[in-house]
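Below, each chain spelled out in residue letters.
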Amino acid sequence: MKRAIAHIPSAEMLRLKPVEYWLGRFPDFVRRSATEVVLPAVGTFGPSFESEVHPIPPALRGHELLPDWVRQARDLLGEDGAIWANIIIDGQFLDNSAIWQKNQYDQEFAQVCITHPTVQRILHQMISEILEHGVDGVVLDLTDAYPNSGSDSYAGLSAHCFCAYCMEAMRLKGFRESKDAFIGDDSILRLALRVEDDGTAYVDTPQSWIDHRNADALVSLALARRIVSGESQQLTAEAMRLLAYLRARVQVTAEAVRAVLAPCRDKGMRTAVILGSADCDWSSMVTLEALHTAKSASEYWLPDSPDPQLTAAGAQIVQFLATRSTYGFNRFFETVEDADKRIVLFGIDEFLKNLMSTSKRLMGNKLSAGAAYVVEHLPEFAGFVGIPLGQQDHLDIVEQLTHSVTGVVLPQELLMKFRIVEPSP
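Below or above, wherever it landed, is the structure these notes cover. Since the model is a prediction, treat every value here as computed from it, not as a measurement. (Residues numbered from 1 in each chain as written. Predicted model: local features only at pLDDT ≥ 70, side-chain atom pairs only at ≥ 80, totals over all residues. Heavy atoms only, no water.)

## A closer look at the overall build of the protein
Cut-off, in case you're wondering: The secondary structure listing takes helices from DSSP runs of H or I that are at least 4 residues long and strands from runs of E that are at least 2 residues long, numbered from the N terminus. Positive charges are assigned to Lys and Arg, negative charges to Asp and Glu, while His and the chain termini are left out of the count. Lysine's charge is taken at NZ, arginine's at CZ, aspartate's at CG and glutamate's at CD.
From N to C terminus, the protein includes 17 helices and 15 strands. Counting only C-alpha atoms and orienting by the principal axes, one finds that the protein spans roughly 60 × 50 × 45 Å. Looking at charge distribution, the protein has the averaged site of its 39 positive side-chain charges lying 3 Å from that of its 55 negative ones.

The structure is reproduced here in structure tokens:
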């Protein structure tokens, strides 16, 4: 049988229940035991281990941490089971604007840019520390590494990253337009992104369109999806410029990922990257093919099927059984982990509204026996990875959280509004 990987994306899950519980939940979804497990090492708000870089987040102090989880996982999986440590690319806990991303308006966004050499050195330090705890590999979660979205503060969109390091790296890849091309409602981004009331509509761009400058395909899809309107001839010229940008951008991101994971390669350790799509996802700004070409990692985890030529060329692909992989889960757990601050800033009612909204994103969980069975018969995948978080687990987290931050137990009728649909076994 192929590999079966249980992914635990947040330390909040391990505050609620031990590693043994989540590995025990895995067969409830897929009717087989996990052969590997992913443990949370660096989250949005800091490391789950003693680090030179940053203290353990207050919520984890006095609780079991990464070294404890690794020992528990080793006892449960045995020496043949692989234990991975997960790093979510965010880094807002570093709290220094000198390494923040910058949008096209030169405004900072509180998330690190992995192209920045100082960020790479910081991540090298944390990865080196992680490897001392007996894990078999390191996973980089890129599902929201470079956010691009609507903003009330700007016309058009706020896109990332346009810091000096990214601009110079893209210039060396042949893209020499200024940031002006991305400013305002008429920026070239309008061909792939459109602000809506409930988020941002987007067109993820395949690497083949980027390589072959297939502007006609991009324009046709953008028009069909009603992302943009206008004269086809003018849109085609803009699409060529956008594809030139994407060609440079995906290469720069792929090389940054490879640089970040250097300590693992130096020690012969396994590496994996989580993507929301094989195409250029506008929250990651990289493609599977660009990563494979750059030899950024030893394997890649994503929900959609890769180009057959990539697997024929030796790319190791694992299917992530969730919509956009961890993207929705990370948004939910970020809300959970930042509860105290959000309640102070926005009030309890607004917090509960946001928690309910992000809870609905968990409906993208596709971990099920049927999905796992299909993977066994798909030659492009070496196995599957999924998050064994069901409806009752989710409600337990919500109930524990709301009680701890408000001192009040939610009424049952209100708690039930947080329900999600659990995948069929």
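## Observations concerning the pairing of strand β4 (residues 82–88)
Convention followed: Only protein chains enter the calculation, and the probe is 1.4 Å; a residue is then buried if its accessible area is under 20% of its type maximum, exposed if over 50%, and partly exposed in between. If DSSP finds at least two bridges between two strands, the strands pair.
Along β4, 7 of the 7 residues are buried, which leaves the element largely enclosed by surrounding structure. Both faces of β4 are covered, namely the face carrying A82, W84, N86 and I88 and the face carrying I83, A85 and I87. Pairing analysis gives 6 bridges linking strand β2 (residues 36–43) to β4, with the strands arranged parallel. Counterpart to V37 in the pairing with β4 is I83. In the sheet, β4 pairs with strand β7 (residues 137–141) via 5 bridges, with the strands oriented parallel. Bridge pairing in β7 places W84 opposite G137.

## What about the pattern of salt bridges?
Selection rule: Criterion for a salt bridge: a side-chain nitrogen of Lys or Arg within 4 Å of a carboxyl oxygen of Asp or Glu.
Evaluated as defined, the whole model comprises 17 salt bridges. The salt bridge partner of K102 is D106, with a shortest N-O separation of 3.8 Å.

## Remarks on the packing of helix α7 (residues 215–224) against helix α8 (residues 232–260)
What counts, and what does not: The angle between two axes is taken between their N-to-C directions and runs from 0 to 180 degrees, where each axis is a line fitted to C-alpha atoms and a helix contributes only its stretch in contact. Working rule for handedness: look at the near helix, and if it is turned counterclockwise from the far one by less than a right angle, call the crossing left-handed; if clockwise, right-handed. Between two residues, a contact is recorded if the distance between any of their heavy atoms is within 4.5 Å. Ten residue types, Ala, Val, Leu, Ile, Met, Phe, Trp, Tyr, Cys and Pro, are classed as nonpolar, four, Asp, Glu, Lys and Arg, as charged, and the remainder, Gly among them, as polar.
Across the interface, α7 lies against α8 with an axial gap of 8 Å and an inter-helix angle of 115°. Crossing of α7 against α8: the hand is right-handed. From α7, A215, D216, L218, V219 and L223 reach across to α8, where they touch S232, L235, T236, A239, M240, L242 and L243. A breakdown of the residues in the contact of α7 with α8 according to their chemical character gives 9 nonpolar, 2 polar and 1 charged.

## Here's the deal with the environment of K173
Which entries qualify depends on this criterion: Whenever a nitrogen or oxygen atom comes within 3.5 Å of another N or O atom, the pair is scored as a polar contact, on the condition that within protein one atom can donate a hydrogen and the other can accept it, and that pairs from neighbouring residues in sequence are kept only if both atoms are in side chains.
Take K173: it is sitting in the loop between α5 (164–172) and β10 (193–196). Owing to a relative accessible area of 24%, K173 belongs among the partly exposed residues under this scheme. Not counting chain neighbours up to four residues away, the residues in contact with K173 comprise R247, A248, Q251, V252 and E255. Side chain to side chain, K173 and E255 meet in a polar contact 2.5 Å long.

## A look at the nonpolar core
Note the cut-off: Think of a nonpolar core as a cluster: buried Ala, Val, Leu, Ile, Met, Phe, Trp, Tyr and Cys residues, connected wherever their side-chain atoms sit within 4.5 Å.
Ranked by internal contacts, the top residues of the largest apolar core, which has 142 residues, are L39, I114, L242, Y245 and W301. Considering each element in turn, this core owes the most residues, 13 residues, to α8. Filtering out sequence-adjacent residues up to four positions away, L242 remains in contact with I188, L189, L191, A192, L218 and W282.

## Some thoughts on the packing of aromatic side chains
Heads up, the condition is: Under the pairing criterion, centres of Phe, Tyr and Trp rings, with the six-membered ring standing for Trp, must be within 6.5 Å; the plane angle then separates stacked pairs below 30 degrees from edge-to-face pairs above 60, leaving the rest tilted. Lysine and arginine charges are scored as sitting over a ring when NZ or CZ, respectively, is within 6 Å of the ring centre and within 35 degrees of the ring normal.
Across all of its chains, the model carries 9 aromatic pairs by this definition. Here F26 and F384 contribute two aromatic rings whose centre-to-centre distance is 6.0 Å and whose plane-to-plane angle is 5°, an arrangement assigned as stacked. Placement of F26 in helix α2 (residues 19–30) and of F384 in strand β15 (residues 383–386) is noted, with a sequence separation of 358 residues between them. A single burial state applies to F26 and to F384, both of which are buried. Feature note: the residues F162, F175, F182 and Y245 constitute an aromatic cluster, connected by ring pairs. Positioned above the aromatic ring of Y21 is the side chain of K17, whose terminal nitrogen or guanidinium carbon lies 5.2 Å from the ring centre. One residue, R324, lies across the ring of Y327, its end atom 4.0 Å from the ring centre.

## Things to note about helix α3 (residues 66–77)
What counts here: Here a helix's expected span is defined as the number of its residues, less one, multiplied by 1.5 Å.
End to end, α3 covers 16 Å across 12 residues, agreeing with the expected 16 Å (1.5 Å per residue, within 8%). Residues L66, W69, V70, Q72, A73, R74 and L77 constitute the buried set of α3. In the stretch just after α3, G78 is the one whose phi turns positive, near 80°.

## Considerations on the pairing of strand β6 (residues 108–112)
Two strands pair when backbone bridges link them, and strand β5 (residues 100–102) and β6 are joined in this way by 3 bridges, in the antiparallel orientation. Bridge assignment links W100 to a residue of β6, and that residue is V112. In this antiparallel pair of consecutive strands, β5 and β6, the connection spans 5 residues, and D106 shows a positive phi of 70°.

## Points about the environment of W84
Along the chain, W84 falls in strand β4. According to the relative accessible area criterion, W84 is buried, its value standing at 0%. For W84 and E64, which are 20 residues apart along the polypeptide, the C-alpha to C-alpha distance reads 17 Å. A distance of 2.8 Å separates the side chain of W84 from the side chain of E36, its partner in a polar contact.

## Re the environment of P57
Note on placement: P57 falls in the loop between β3 (46–47) and α3. When the C-alpha positions of P57 and P47 are compared, they lie 7.2 Å apart, and in sequence the two are 10 residues distant. The residues touching P57, leaving out its near neighbours within four places in the chain, are F45, G46 and P47.

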